[in-house]
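Secondary and tertiary structure notes
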Amino acid sequence: MLRVGDELITLTDPDAPASEAYRTLRTNILMRNFDKDMKVINIISTTAQEGKSTCVLNLGMVYAQLQKKVLVIDLDLRMPTIHKKLKLKNKKGISDIIGHQAEFEEVVLQPYENVDVITAGTKIPFASEFIQSNALKEFIDERRNEYDLILLDCPPVGLVTDGVVAASYCDGTILVCASNRNDRKELLRVKDQLEQTQVNVIGIVMTMMPVQKKYYNSYGYRYSDSQKKAPNKKKQTNLLGSLNKKSGKKK
């Protein structure tokens, strides 16, 4: 049974505005499948602590709620957090599988129905080379037939290039950006970097944005089957951005 943390709002409060925003994100990704299947998606940010890993987990959860089979892989090998958010052990993970120190079956964890998780595993000194390895790419390609969605939690691209490299074997990339947390010049630098490497950015998710009560509660109730009254105190959602921006990739 999953021991949920506060970050997993799609489980702890499925009627919250943030949960609805994650479902909107899911819908927009599914609607992009007319061009090609969005099976492998890496999620990146500019800097640390922008809500990237939280976005990965909640997006995985709302897919699982549609009975989709999801695999989450923590590729933030320098500062892994997926196992911490789910309160899982990180003794062995993706680094051990690719390093032939463990088999997939003994490493993969299932903290929630339809959601499998591979933690980062044993810390290695050559994270960038690991991300670029053919062995990792082949491993992810092999999992395509087993899962409806594979989510890669990659390091911030403003700090290291791992997320940009991983994008080369993904179907799409989502950039997570926290409100009022980034310098405009840094964002432009990351934008240029993604365009120059022809990363298929399928959307930008804005996090940590304050939400006015009236925006979601103009009819006096939440959009849910129970139609529960929204609480009076102001809340701050972890996710407001929705997937509505086409890639800036040059044709």
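Residues numbered from 1 in each chain as written. Predicted model: local features only at pLDDT ≥ 70, side-chain atom pairs only at ≥ 80, totals over all residues. Heavy atoms only, no water.

A word on the state of the cysteines
Our working rule: Criterion for a disulfide: a pair of cysteine sulfur atoms at a distance within 2.5 Å.
Summed over the entire model, instances satisfying the criterion amount to 0 disulfides. The thiol of Cys-154 is not disulfide-bonded; the next cysteine sulfur, from Cys-170, is found 6.3 Å away.

Side note on the side chain of Arg-26
Applicable threshold: Strands are runs of DSSP state E lasting at least 2 residues, helices are runs of H or I lasting at least 4, and numbering of each runs from the N terminus. Only heavy atoms enter the contact rule, under which two residues are in contact if any of them lie within 4.5 Å.
Along the chain, Arg-26 turns up in helix α2 (residues 17-31). Setting aside its immediate chain neighbours within four residues, Arg-26 contacts Leu-59, Val-62, Tyr-63 and Leu-66.

Focus: the packing of aromatic side chains
Just so we agree on the cut-off: Geometry of aromatic contacts follows a simple scheme: Phe, Tyr and Trp rings, the Trp one being its six-membered ring, pair when their centres are within 6.5 Å, and the pair is stacked under 30 degrees between planes, edge-to-face over 60, tilted otherwise. Any Lys NZ or Arg CZ that is within 6 Å of a ring centre and within 35 degrees of that ring's normal is treated as a charge sitting over the ring.
Using the criterion set out here, one finds 1 aromatic pair in the structure. The ring of Tyr-147 has Lys-69 lying over it, and the distance from NZ or CZ to the ring centre is 5.1 Å. The ring of Phe-104 has Arg-143 lying over it, and the distance from NZ or CZ to the ring centre is 4.5 Å.

With respect to the packing of α2 against helix α3 (residues 52-64)
Filter applied, for reference: In this description, a line fitted to the C-alpha atoms serves as the axis of each element, helices being fitted only across the stretch in contact, and the angle between N-to-C directions of two axes falls anywhere from 0 to 180 degrees. Our angle categories are set so that under 35 degrees counts as roughly parallel, over 145 as roughly antiparallel, 65 to 115 as roughly perpendicular, and the remainder as oblique. Gly is put with the polar residues, along with every residue not named as nonpolar or charged; the nonpolar set is Ala, Val, Leu, Ile, Met, Phe, Trp, Tyr, Cys and Pro, and the charged set is Asp, Glu, Lys and Arg.
The contact between α2 and α3 brings their axes to 9 Å, and the two run at 70 degrees. By the criterion of interaxial angle, the relationship of α2 to α3 is roughly perpendicular. Where α2 approaches α3, its residues Tyr-22, Arg-23, Leu-25, Arg-26, Ile-29 and Leu-30 are matched on the opposing element by Thr-54, Cys-55, Asn-58, Leu-59, Val-62 and Tyr-63. Looking at side-chain class alone, the contact of α2 with α3 contains 8 nonpolar, 2 polar and 2 charged residues.

Concerning unusual backbone geometry
Our working definition: Buried residues are those whose accessible area, probed at 1.4 Å on protein chains only, stays under 20% of the maximum for their type, while exposed residues exceed 50% and partly exposed ones sit between those limits.
Backbone geometry places Gln-67, a non-glycine residue, at a positive phi of 65 degrees. Here Gln-67 lies in the loop between α3 and β2 (70-74). If you check the backbone angles, Lys-87 has positive phi at about 55 degrees while not being a glycine. Considering the arrangement of structural elements, one finds Lys-87 in the loop between α4 (82-85) and α5 (94-98). With a relative accessible area of 45%, Lys-87 lands in the partly exposed category.

What to know about the layout of surface pockets
Our working rule: In the cavity and pocket records, a cavity denotes points on a 1 Å grid over the protein atoms alone where a 1.4 Å probe fits but cannot get out, a pocket denotes an open set with protein on both sides within 12 Å along at least 5 of 7 lines, and lining residues are residues with an atom within 4 Å of a point. Grid points are joined across faces, edges and corners, and a volume is the space filled by probe spheres set on the points.
Estimated volume of the second largest pocket: approximately 420 Å³. As for the second largest pocket, its lining consists of 17 residues, and the residues nearest its centre are Ala-48, Gln-49, Asp-76, Met-79 and Thr-81. In terms of residue count, α3 provides more of the lining of the second largest pocket than any other element does, 3 residues in total. Its residues assigned to classes, the lining of the second largest pocket shows 7 nonpolar, 5 polar and 5 charged.

Distances and angles like these do not, on their own, reveal function.
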